[in-house]
Amino acid sequence: MNRIYNFSAGPAILPESVLQKASQGVIEINGSGMSILEVSHRGKDYEAIHVETRERLLRVMGLSTDDYTALFIGGGASMQFAMLPMNFLNLGDTADYVHTGEWAIKAIREAKRFGNIHTAASSEDRNHSYIPNELNLTPDAKFIHITTNNTIEGTEWDGPDSTKGVPLVADASSDILSHSVDYSRYHLIYAGAQKNAGPAGVTLVVARKDYLEQANSDIPAILSYKTYANADSLYNTPPVFPIYVVGLVLKWIEEQGGLAAIDRRNREKAALIYDALDAHPDMYDTAVTDKKDRSLMNVTFRIKNIDLEKSFLDDAKARKMDGLKGHRNVGGFRASIYNAFPVDGCMALADYLNEFAAKNG
Ligand SMILES: *Cc1c(COP(=O)(O)O)cnc(C)c1O
């Protein structure tokens, strides 16, 4: 197969070696005479994959299995928008949310069904083109929720320096496992797998064990973190195949040299594209001007002369680049360059940005 440069925001590119191994697993797993799609989730072949993938996830994130646990849940990150407050808020409780974009507001809307939701900061005044510095935190909040990478707007951060003791919870759907960060700063972190960690169908939830002990028990079993924690995420049939592929992606990350190596490469990749955009300020607007807030995962930009938008996309297609159109709600362009996206694809886009500016400038 002749692979194109797939800049799609999600589901997104996976390492080719992972696709090869996953396709073998679809035919036969561990010489069992069965496909990964056919084995029992209670059988030894799957159980070994399940346990190993949970351990590997925590290891890659640098978290101890004494303090943290990894859960595999269905329903996408969108289900976590509701599940999180359902588990941690009771009538009269307050949670702080930082509103940094479209995914954050969806999380806020769901949370409002379960408690008092206080917006600790918002970047709405400038179209979410920056990360707010000042947070107005509620002292007795049950948790503070942030979105680490704003997939649509193209901003990224690891969260505030201090939360004054309030548990920090993060939606890291589009930048989990993408850079070096002290993951122990989060009490709970969740991510739909389909951007950086695997295929659609499983959501990774990594949480402090002592925090999960504080979760509500009087809620539907299938929406209770305790159910997943107590049953090692085997309460009901888990998304077997997506978890298997997440395991392959985690192995691939370790082979690359872990998150430190991934971090270096992602910074190099993003710099190639941002540098090309910054070199032609008459042609391009980077959506996020403050460099420290720029996402390493989703590079958002516009062409100043909107009449050129169509030819930009058409010529990109001819160069085997796909998925560059911005999110339908914000327009413009977006280059999503998750972990598996190759350096040479970023070079190709940088070259194209330079040539396009020279030709049309
Ligand atoms: C994609 C995305 C989501 C939604 O994920 P689903 O798994 O489709 O529910 C939520 N938050 C962020 C930051 C995302 O990028």
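Details of the site of the ligand
No. 1: Around the ligand, the structure places 13 residues, and the nearest of them are S78, T151, D171, Q194 and K195.
No. 2: D171 places a side-chain nitrogen or oxygen 2.6 Å from a nitrogen atom of the ligand.
No. 3: Measuring from an oxygen atom of the ligand, one finds a side-chain N or O atom of Q194 at 2.9 Å.
No. 4: Among the elements that take part in the shell around the ligand, helix α3 (residues 76–88) stands out by supplying four residues, more than any other.

As for the pairing of strand β8 (residues 168–171)
Two faces make up the sheet, and in a regular strand the side chains alternate between them.
No. 1: Burial along β8 is two-sided: the residues L168 and A170 and V169 and D171 are all buried.
No. 2: In this sheet, strand β9 (residues 188–192) lies alongside β8 in parallel orientation, the contact comprising three bridges. Opposite D171, over in β9, you have Y190 as the bridge partner.

Remarks on the nonpolar core
No. 1: Counting residues in hydrophobic clusters, the biggest one holds 53 residues, and the most contacted among them are M61, L177, Y183 and V206.
No. 2: Among the elements that make up this core, the one with the highest residue count is helix α7 (residues 240–256) (ten residues).
No. 3: If near-sequence neighbours (up to four positions away) are discounted, V206 is found in contact with L57, L58, M61, L63, Y68, T69, A70, H187, L188 and I189.
No. 4: Membership of the second largest hydrophobic core comes to 35 residues, among which are F7, I13, A348 and A357.

Quick word on the sheet that holds strand β14 (residues 333–336)
No. 1: As summarised here, the arrangement of the three strands in space is β11-β12-β14, forming an open sheet in which the pairing is antiparallel. One side of each edge strand has no neighbouring strand; the edge strands of this open sheet are β11 (284–286) and β14. Neighbour-to-neighbour, the strand axes of this sheet turn through a mean angle of 30°, independent of strand direction.
No. 2: Lying on the sheet, helix α8 (residues 258–278) is in contact with β11, β12 (298–303) and β14; it crosses β12 at an angle near 20°.
No. 3: Contacting β11, β12 and β14, helix α10 (residues 343–360) runs over the sheet at an angle of about 135° to β11.

Let's talk about the sheet that holds strand β4 (residues 116–122)
No. 1: As summarised here, the arrangement of the seven strands in space is β2-β10-β9-β8-β5-β3-β4, forming an open sheet in which the pairing is mixed. A single partner strand is all that each edge strand has here, and the edge strands are β2 (68–73) and β4. When strand polarity is set aside, the average angle formed by the axes of neighbouring strands in this sheet is 20°.
No. 2: Helix-sheet contacts for helix α2 (residues 44–60) involve β2 and β10 (203–208), and the interaxial angle to β2 is about 125°.

Re a positive patch on the surface
No. 1: There is a patch of like positive charges on the surface, built from K106, R109, K112 and R328.
No. 2: Within the secondary structure, R328 sits in the loop between β13 (321–322) and β14.

Details of the pairing of β10
No. 1: Of all six residues that make up β10, five are buried, and the element is covered over most of its length.
No. 2: Sheet topology places β2 next to β10; six bridges connect them, and they run antiparallel. Within β10, the residue paired with I73 across the bridge is T203.
No. 3: Of the strand pairs in this sheet, β9 and β10 are connected by five bridges, and their pairing is antiparallel. What sits directly across from L188, in β10, is A207.

Parameters at a glance
Residues numbered from 1 in each chain as written. Predicted model: local features only at pLDDT ≥ 70, side-chain atom pairs only at ≥ 80, totals over all residues. Heavy atoms only, no water. Near = heavy atom within 4 Å. Polar contact = N/O pair within 3.5 Å; in protein donor to acceptor, adjacent residues only side chain to side chain. Helix = DSSP H or I, 4+ residues; strand = E, 2+ residues; numbered from the N terminus. Buried < 20%, exposed > 50% of the residue type's maximum accessible area, 1.4 Å probe, protein only. Pairing = 2+ DSSP bridges. Core = buried A, V, L, I, M, F, W, Y, C linked by side-chain atoms within 4.5 Å. Contact = heavy atoms within 4.5 Å. Axes fitted to C-alpha atoms, helices over the stretch in contact; angles between N-to-C directions. Patch = residues over 30% accessible without salt bridge, like charges linked within 9 Å, V, L, I, M, F, W, Y side chains within 5 Å. Areas by Shrake-Rupley, 256 points an atom, 1.4 Å probe, with all protein chains shown as cover. Salt bridge = Lys/Arg side-chain N within 4 Å of Asp/Glu carboxyl O. Lys, Arg positive; Asp, Glu negative; His and termini not counted. Charge placed at Lys NZ, Arg CZ, Asp CG, Glu CD.

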